[in-house]
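Here are the chains, one letter per residue:
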Amino acid sequence: MAEKALITIGDKQYELPIIIGSENEKAIDITKLREMTGYITLDNGYLNTGACSSGITFLDGENGILRYRGIPIEQLAEKSTFTEVAYLLIYGKLPNDAELQDWNHHLTRHTMIHEDLKRLFNGFPKDGHPMAILSCLIASLSTYYQDSYDPENPEHRQISMVRLIAKFPTLAAFAYKKSIGQPAVHPINSLDYCSNFLNMMFSVPAEGYHVDPEISKAMNLLLILHADHEQNCSTSTVRLVGSSLANIYAAISSGICALWGPRHGGANQEVLEMLQGIKEKGWTVKQVIENAKDKNSTFRLSGFGHRVYKNFDPRAKIIKKACDNVLNKLGIKDPLLDIAKELEEAALKDDYFVQRKLYPNVDFYSGIIYRALGIPTNMFTVMFGMGRLPGWIAQWKEMIEAPGMKIGRPRQIYTGPTEISYSDAKKK
Ligand code: SDX
């Protein structure tokens, strides 16, 4: 007999269905709650509220588990490539060789951007943050594809997904080149996804650029680790915007804006600036820890804590290990890595962090590797967005294709003034 939830309000009792997921997660289905009881639920920050059912990514925060379409992140990190993981997330299965070749072929042939779009870069100030530029340019892509962005048309969905994944690195690299006053470098179709991006970032007309396979491999790993993370802030934003049937470019642009926040993807830039502060300003690890614990200070230990992981973030474990490998292979000794390890060790011994189950998250070590790859700090969150793009797209596609998909429209509990006339209000 299916389990039910019983709630008693006053002298009445109500039965609500229980939903059990494939990993035995349980939910009380409140779809009919207001109709049955006149009550809604309230859940600040959605700590206890599921917005949807999804078959894409599974997280177990207590046990530090992350799987994409059932495959453990540790195995994908070791064995897969970013474009293969993108296919897995979007289409729900690993591509066979022919499918992967066809997928990479399409991605490669949509890497260029319209010449008019390039002119938009001239309007941005040199020191404009690349996340602002990216969100603007991704939204403006829709102006070039007005004949093919109807979310309810499967062909339009397919070409728009390919265009977004293909053009994101080109736009990101162009934004970087603009910020350093160098000419934009066009994509080269003979290069793989990561090598193409690195070439657009670091080659100059005056001399060619050799893509170090170690650097390309490290970038692949980081993009895989960031590719999806179920209903996080930016993904929930993409779903909400997409639920109005706004086109996918608008939905992804809104996800980029949400990701930019320092509580979310912006944390990787904050972590590096925090580590640089410790090194350059002579802050001690103890000072940083005390500051992070001080309720009167808005400072938080960036890269620490997570809404879901109350144990190690499995991605942080993999990135921490990769830091040592990548820096050793590149012959780099980065004092910031030593500081990060000291900070982690101090925090994990401190009651404040232990009691609140605050562990390093994906953002704590990722910046060390981006720095080793030559990526500037203000581009770290752009790299997070490049990695998360297939996850946003997969979640958007799953929502759009779900039967009976409804526009997202949360309720509220009103706590403002009761009725007052204009003339009385004027007298106040
Ligand atoms: C990402 O959701 C996802 O899946 C996100 C992400 C993804 O892949 O999409 O994993 C990527 O965004 C990782 C998180 C990156 N952000 C940071 O590293 C910023 C620092 N972390 C915090 O701002 C915080 O931990 C959050 C935002 C990540 C989570 O916040 P919650 O779940 O709302 O928890 P909270 O703010 O209520 O904190 C609980 C307690 C509070 O103390 P008390 O009120 O109980 O005394 O822990 C404290 C907080 O003050 N706390 C911290 C802290 N994080 C939480 N104190 C100091 N330093 C921190 N980093």
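Above this text is the structure in question.
These numbers were taken from a predicted model, which means no experiment stands behind them.

Analysis parameters
- Residues numbered from 1 in each chain as written.
- Predicted model: local features only at pLDDT ≥ 70, side-chain atom pairs only at ≥ 80, totals over all residues.
- Heavy atoms only, no water.
- Near = heavy atom within 4 Å.
- Polar contact = N/O pair within 3.5 Å; in protein donor to acceptor, adjacent residues only side chain to side chain.
- Areas by Shrake-Rupley, 256 points an atom, 1.4 Å probe, with all protein chains shown as cover.
- Nonpolar A, V, L, I, M, F, W, Y, C, P; charged D, E, K, R; others polar.
- Helix = DSSP H or I, 4+ residues; strand = E, 2+ residues; numbered from the N terminus.
- Buried < 20%, exposed > 50% of the residue type's maximum accessible area, 1.4 Å probe, protein only.
- Pairing = 2+ DSSP bridges.

A.B. asks: Hey, could you go over the site of the ligand for me, with residue numbers and the actual values?
C.D. replies: Taken together, 24 residues lie around the ligand, and H229, H306, R307, R315 and R388 are the ones closest in. Interatomic distance of 2.9 Å between a side-chain N/O atom of Y352 and a nitrogen atom of the ligand. Between an oxygen atom of the ligand and a side-chain N or O atom of R356, the distance comes to 3.2 Å. In the complex, 77% of the free accessible area of the ligand, which totals 1000 Å², lies under the protein chains. Across the shell around the ligand, the residue classes break down as eight nonpolar, eight polar and eight charged.

A.B. asks: How would you explain the environment of A51 if you had to name every residue and give the values?
C.D. replies: Relative to the elements of secondary structure, A51 occurs in the loop between helix 1 (33–37) and strand 4 (57–60). For the pair A51 and L240, spaced 189 residues apart in sequence, the C-alpha to C-alpha distance is 9.7 Å.

A.B. asks: Provide a residue-level description of unusual backbone geometry, including the pertinent values.
C.D. replies: Although it is not a glycine, N24 sits at a positive phi angle of roughly 65 degrees. Within the secondary structure, N24 is located in the loop between strand 2 (12–20) and strand 3 (26–28). Look at N24 and you get exposed, because its relative accessible area is 58%. Phi is positive for Y46, which is not a glycine, with a value near 55 degrees. For Y46, the position within the fold is in the loop between helix 1 and strand 4. Under the relative-accessibility criterion, Y46 is labelled exposed at 54%.

A.B. asks: Kindly report on the sheet that holds strand 6 (residues 71–72), identifying the contributing residues and their values.
C.D. replies: Taking strand neighbours across the sheet as the criterion, the three strands line up as 4-5-6 in an open arrangement whose pairing is antiparallel. This sheet does not close on itself; its edge strands, each paired only once, are strand 4 and strand 6. Two elements, strand 5 (residues 65–68) and strand 6, share two bridges in a ladder whose sense is antiparallel. Within the sheet, the bridge partner assigned to R67 lies in strand 6 and is P72.

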